[in-house]
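Report on the structure
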Amino acid sequence: MTTQAGTRVPTPDAAHRPARWVSTRLRANPLAALLMAALAFVTVFLAAAFPRIADRGADAALQDFVSQKGLNSTSLQTTSKVLDDDEAVKLDRVQQNLDGTVGRDLTLARSGEAYGARALGYRGMGNPEYLRFAEKQTDPALGLLYLHDLAARATLTDGTWPTRGGVGGPLPIVISKKGAETIHIKLGDVIDNGVEGSGAKRTTVVVGFYQLNDPLDPFWDNLGCPARACLDTTPEHEHWMTSGFVDGGSLPAMARWGSGGENFWRLPVDTASLRADQLDRTRSVISSFLTGHDATALAGSTGRADLHTSSNLPDILTRADERYRASLPLSAIGPAGVAGVATVVLFLAAALTTDRRTAEIRLLRARGGSLAGVLRRLIGEGAVTVLPAAVLGTALALVLLPAPRWERSVLAALVATLIALLAFPARAALLWARGPAAGGRLVGELAVLAVTVAAVAEVRRRGVGTGAGLDPLLVAAPLLLAVTGGLLLARIEPVVVGWLAALAGRGRGLICFLGLARAARDSSGRRKPSVLPLLALLIAVTATGFGATVLDTVDHVRTRAARIATGGDIGVSLPGYANLTESFTKAAGELPGVRASTAVWVEPRARIVDADRNYTEAYLVMVVDPAAYAEIARTLGADEFDPAKLAGTSGGRDTPVPALVSRDLAKRLAAGSSQVRTPNGNDLRLTVAGTVGATPALPDPGKPFVVVPAGPAWERLPDAKRVNEWFAVGDVDPEGVRTVLRENGGAQPVGLAKLIADDAAAAGKDTHGLPAGYTVHSSRELAAQLADDPLQHAAGRLFWYAAAAGAGFALLAVLLTLFRAAPDRTALLARLRTMGLRPRQGLALIVAEALPQTLAATVGGGLVAVAAVALLGGAFDISTLVGARVGDAISPTLMPVLLPTVGLGVLVGFGVVLETLVAGRRQIATELRAGEQS
């Protein structure tokens, strides 16, 4: 529409439309929107990442634990009777059926699959030229098998592969070349394997020799003795044994050769496919194939009614599940602390935003905006910044930390997103709340106290880490203690700081007084506790201190458990035929780091004869140096004793020798005199000099024991003058001990002992260049072995990640507190600058303002961490993290709490100084240019 003068009058359609709320607000303060998006991104990323880290650690620990049990223990072993018409092609069809059926529900490791048939029982090889032990003259033994695709894993060295055996003739077989050389078998030998029940002779003919491509491949486990001649050390019947292989068409003949025949199929489960969250399902599937519906279906589909499947996997998976459940509460402490600190920081950021925009929000309400309408605008504004950052953080966690399950990560990310999105609108809604806030706050604090007391009582009653799994209330107990301590400190800290400010006001300095006075008040100038920053710091310090104490206790307990199992820091044990030389004990005792050492004879087959002539099986321990042995016992904490009690005197065979006896044995010997009898029939009279519950040479004896001084005992029993063990404490290098043992080990094994040593070497067992049975035990190596557990590594790694994240959030909480008070502080510093305040004094003022809260939070957090350990430590079972069954409780110690507490305090202080140096000067300069605003 246009007037006569040519002026255009706006119509209602062309009227100016209001600007969009969200875009206007984002353009008004883009830095705040960017910082909120960054905070949401980091929080959501960590929320999604921690479940992924925990899942990856749990899966790796499960797979490692199961794979260590060996190929056969982690396989399904299926067997059936060899039928008269069985041949290789029929076994192939059964294998295909098993692969297809079992492989649908379980991922199989194809490389470890094996199937074939075996003759039941071994048969002697009666050929007179074959090697026998001179003492027993027991025939070497032969076992027969058929193995599918043997030629792919073995190389023929002489002769030919076996063919189908003829009726009534010798059964063609191949034998390993090494086994044949040991037993003296020659190519073409017809082996006499005894007679059948009908009187017919059993014979085999050697048509070829082979050697395995990889004799140490786990594939050959439980497949007889295919690589060499093995030694059967059954007492009184020691003999050589080996395995031979027949053709796939000779299965019925092989069964008649033995005491029947058995077909076998080994189906190894791929351990890399196991998942901790699917243990119940995996156990259920395996159980069904063993004794359930699937077992019946397999028997029907293969046409073999006697088909039977067995496996150790259900028991292994049960133990793995128990370990996983026992570690859950301990590994969840760190992430629970991070969740608490992150929540506090999000609410603190919301409080900062609310303080900055209070006037704007009140103006909207004053101009007719409804509560719901204003909140919708605030939520919409937050969604534009929070949701994209949350989606990006979640996606990044899922991509960077691949894991087979995503539900927990997405759920945790969703919770963090909702908190980040709703914290500011919820805080803004409190501006219109009616009623006294103090009473509601007191009720809330009392509720938190009640829940904390209930959680602590429940933890102490039920215990944590006993295999029951993750209980949120029990895991949250340290966090609840931190929250309760923070609430209490928030009420105490302003009063104490105000009192200190009053004292500082009497002095001449201005900086300390102003800093303390401002620390005792909030940004509005009223005396009011600053709960959120204190809570953030307290939760971070408490969670870190508690977790660090747990890990420190685990390390110390593991070290002590390893020392007790070793009998000291280092120990040497010999087999029954050997004797430690004096040159070794002297040279070993002079090694660097040895603080105390002694040689010992441990006789496990002694008998104690009491006054009533009753026999008791017991260990006899003869100690060469009682003083050194007492020092070792003191170091280990294994029932200390006065070495003077073992100070025996010279005398004849009837003179008693002083003895330390185990407590259960002391009751039986209290009636009168007693004596100990060695296996060779010698008697040694005893007098009880004391009782002990344990002794270094026998960390877990399992039966009574007697400790006597070797000198007096050897005077009475000269033929017992020998030692077979040596113990020492100190920082000793085990390789040095092995070197001394190799150089001064005494007599080398001969006869059967040498054969046993050679057999162990042939089996690939690492003896460190020592004879078989010569063992050097190192507590350092044993502790490292116990600690080499992915489950422990995963729990420790998760905790330290959480500790770093918690420290970062705690620092952010302090910085947000400084930002919250920045306008008021900047105006104050600008005024003081005009009055002659120097920049260093301004920095000191800011530090004095932030220091009381930081110091109170770190000290209070340390005290709460110590209190949490004292209250909850006895309820935590740390055996899973130690790697051995222990009964030690977590007790408060200084350094694990002090180090993270001081470290976090220094980090926060450094952040405060850095923020002041970077942002403070610029803000003050801006304030001075703009003029005083008050």
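Check the entry above for the structure.
A brief structural summary. A quick note: this is a predicted structure, and the numbers were derived from the prediction, not measured.

**Looking at the overall build of the chain**
- A count of helices and strands for the chain gives 28 helices and 21 strands.
- Expressed as a percentage of its 934 residues, the buried residues of the chain come to 50%.
- Counted over contacts in the chain with a minimum sequence separation of 6, partners at least 24 positions apart contribute 81%.

**Quick word on the state of the cysteines**
- Inspection of every chain in the model, using the stated rule, returns one disulfide.
- A disulfide bridge connects Cys225 with Cys230, and the sulfur atoms are separated by 1.7 Å. The chirality of the disulfide connecting Cys225 with Cys230 is right-handed, given an S-S dihedral of about 90 degrees.
- Taking the relative accessible area as the measure of exposure, Cys230 reaches 16% and is therefore buried.

**A word on unusual backbone geometry**
- The backbone of Asp149 shows a phi angle near 60 degrees, a positive value even though the residue is not glycine.
- For Asp149, the location among the structural elements is in the loop between β4 (141–147) and β5 (154–159).
- Asp149 gets classed as partly exposed once you look at its relative accessible area, which sits at 46%.
- The backbone phi angle of His184 is positive, close to 75 degrees, even though this residue is not glycine.

**Digging into the environment of Leu871**
- Locating Leu871 in the fold gives a position in helix α26 (residues 839–872).
- In sequence terms Leu871 and Leu481 are 390 residues apart; their C-alpha atoms lie 9.9 Å from each other.
- Contact partners of Leu871, with chain neighbours within four places excluded, come to Val456, Arg460 and Leu481.

**Some thoughts on the packing of helix α10 (residues 371–400) against helix α11 (residues 407–429)**
- The contact between α10 and α11 brings their axes to 9 Å, and the two run at 155 degrees. Between α10 and α11, the interaxial angle falls into the category roughly antiparallel. Read as a crossing pair, α10 and α11 show a hand that is right-handed. Across from Leu375, Leu378, Ile379, Gly382, Ala383, Val386, Leu387, Ala390, Thr394 and Leu398 in α10, the residues of α11 making contact are Ser409, Ala413, Thr417, Ala420, Leu421, Leu422, Phe424, Pro425, Ala428 and Ala429.
- Within the contact of α10 with α11, the residues separate by chemical class into 16 nonpolar, four polar and no charged.

**Things to note about the nonpolar core**
- Among the nonpolar cores identified, the biggest contains 87 residues, and Phe546, Phe809, Leu872 and Phe876 are the most heavily contacted of them.
- Apart from the residues lying within four places of it in its own chain, the contact partners of Phe809 are Leu39, Val42, Thr43, Leu46, Val338, Val341, Ala342 and Val345.
- Among the nonpolar cores identified, the runner-up in size contains 54 residues, and Leu62, Leu144, Ile191 and Leu298 belong to it.

**Here we look at the packing of helix α17 (residues 582–589) against helix α21 (residues 734–743)**
- Relative to each other, α17 and α21 sit at 155 degrees, their axes nearing to 9 Å. Viewed along their axes, α17 and α21 adopt a mutual orientation that is roughly antiparallel. By crossing handedness, the relation of α17 to α21 is classed as right-handed. Of α21, the residues touching α17 (which contributes Phe584, Ala587 and Ala588) are Val737, Val740 and Leu741.
- Among the residues forming the contact of α17 with α21, the class breakdown is six nonpolar, no polar and no charged.

**Considerations on the pairing of strand β10 (residues 239–245)**
- In terms of burial, β10 is a largely internal element, seven of the seven residues being buried.
- Taken together, the five bridges between β4 and β10 define a ladder with parallel strand orientation. Bridging across to β10, Leu144 finds its partner in Gly244.
- Here strand β6 (residues 171–176) pairs with β10 via two bridges, running antiparallel. Counterpart to Val174 in the pairing with β10 is Phe245.
- For strand β9 (residues 230–232) and β10, the ladder comprises three bridges, and the chain directions are antiparallel. When the bridges of β10 are listed, Asp232 appears paired with His239.
- In sequence, β9 turns back onto β10 through a hairpin of six residues, with Glu236 there showing a positive phi of about 75 degrees.

**Remarks on the packing of aromatic side chains**
- Enumeration over the complete set of coordinates arrives at six aromatic pairs.
- Ring plane angle 70 degrees and centroid distance 5.9 Å describe the contact between Tyr210 and Phe245, whose orientation is recorded as edge-to-face. Separated by 35 residues along the polypeptide, Tyr210 in strand β8 (residues 201–212) and Phe245 in strand β10 bring together distant segments of the chain. Per residue, the accessibility class of Tyr210 equals that of Phe245, and both read buried.
- Summarising the aromatic geometry, the rings of Tyr629 and Phe641 are spaced 6.2 Å apart at their centres and angled 45 degrees between planes, so their arrangement reads as tilted. You can see Tyr629 sitting in helix α18 (residues 626–636) and its partner Phe641 sitting in the loop between α18 and β16 (657–662), a full twelve residues away along the chain. Across this residue pair, the class does not change: Tyr629 and Phe641 are buried.
- Positioned above the aromatic ring of Phe219 is the side chain of Arg153, whose terminal nitrogen or guanidinium carbon lies 3.6 Å from the ring centre.
- One cation-aromatic arrangement involves Arg266 over Phe219; the distance from NZ or CZ to the ring centre is 5.1 Å.

**Section: the pattern of salt bridges**
- Scanning all chains against the criterion turns up 28 salt bridges.
- Here Arg408 ties to Asp55 by a salt bridge, and the two come within 2.4 Å at their closest N and O atoms. Pair noted here: Arg408 is in helix α11 and Asp55 is in helix α2 (residues 30–67), with a separation of 353 residues, a long-range link.
- Taking the relative accessible area as the measure of exposure, Arg408 reaches 42% and is therefore partly exposed.
- Given a relative accessible area of 2%, Asp55 falls into the buried group.
- Between Arg275 and Asp277 there is a salt bridge; the shortest N-O distance is 3.1 Å.
- Look at Asp277 and you get partly exposed, because its relative accessible area is 40%.
- Taken together, the shared-partner salt bridges in this structure form one network comprising Asp55, Asp59, Arg275, Asp277, Arg405 and Arg408.

Basis of the calculations
- Here the residue index of a chain counts from 1 through its sequence in written order.
- Per-residue local features of the predicted model are confined to residues with pLDDT of at least 70, and side-chain atom pairs are confined, for both listing and counting, to 80 or more; whole-chain, interface and lining totals are unaffected and use all residues.
- Here the side-chain values reflect all heavy atoms present in the structure, with hydrogen atoms and water set aside.
- The numbering of helices and of strands both runs from the N terminus, where a helix is a DSSP run of H or I of at least 4 residues and a strand a run of E of at least 2.
- Between buried and exposed lies partly exposed: a residue is buried under 20% and exposed over 50% of the maximum accessible area for its type, with that area taken using a 1.4 Å probe on protein chains only.
- In what follows, residue pairs with any heavy atoms lying within 4.5 Å of each other are defined as contacts.
- Cysteine sulfur atoms are paired as a disulfide whenever they fall within 2.5 Å.
- Convention adopted: a line fitted to C-alpha atoms gives each axis, helices being fitted over their contacting stretch, and angles between N-to-C directions are expressed from 0 to 180 degrees.
- Roughly parallel refers to an angle under 35 degrees, roughly antiparallel to one over 145, roughly perpendicular to one between 65 and 115, and oblique to any angle outside these ranges.
- Put simply, a crossing is left-handed when the front helix is turned counterclockwise from the back one by less than a right angle, and right-handed when it is turned clockwise.
- Any residue outside Ala, Val, Leu, Ile, Met, Phe, Trp, Tyr, Cys, Pro, Asp, Glu, Lys and Arg is labelled polar, Gly included; the first ten of those are nonpolar and the last four are charged.
- Only buried residues count toward a nonpolar core, which is a set of Ala, Val, Leu, Ile, Met, Phe, Trp, Tyr and Cys residues joined through side-chain atoms within 4.5 Å.
- The pairing criterion is simple: DSSP has to find at least two bridges between the two strands.
- Here is the rule: rings of Phe, Tyr and Trp (six-membered ring for Trp) pair when centre to centre is within 6.5 Å. Planes less than 30 degrees apart are stacked, more than 60 are edge-to-face, and the remainder are tilted.
- A ring is considered to have a charge above it if a Lys NZ or an Arg CZ atom is located within 6 Å of its centre and within 35 degrees of its normal.
- The term salt bridge refers to a side-chain nitrogen of Lys or Arg lying within 4 Å of a carboxyl oxygen of Asp or Glu.

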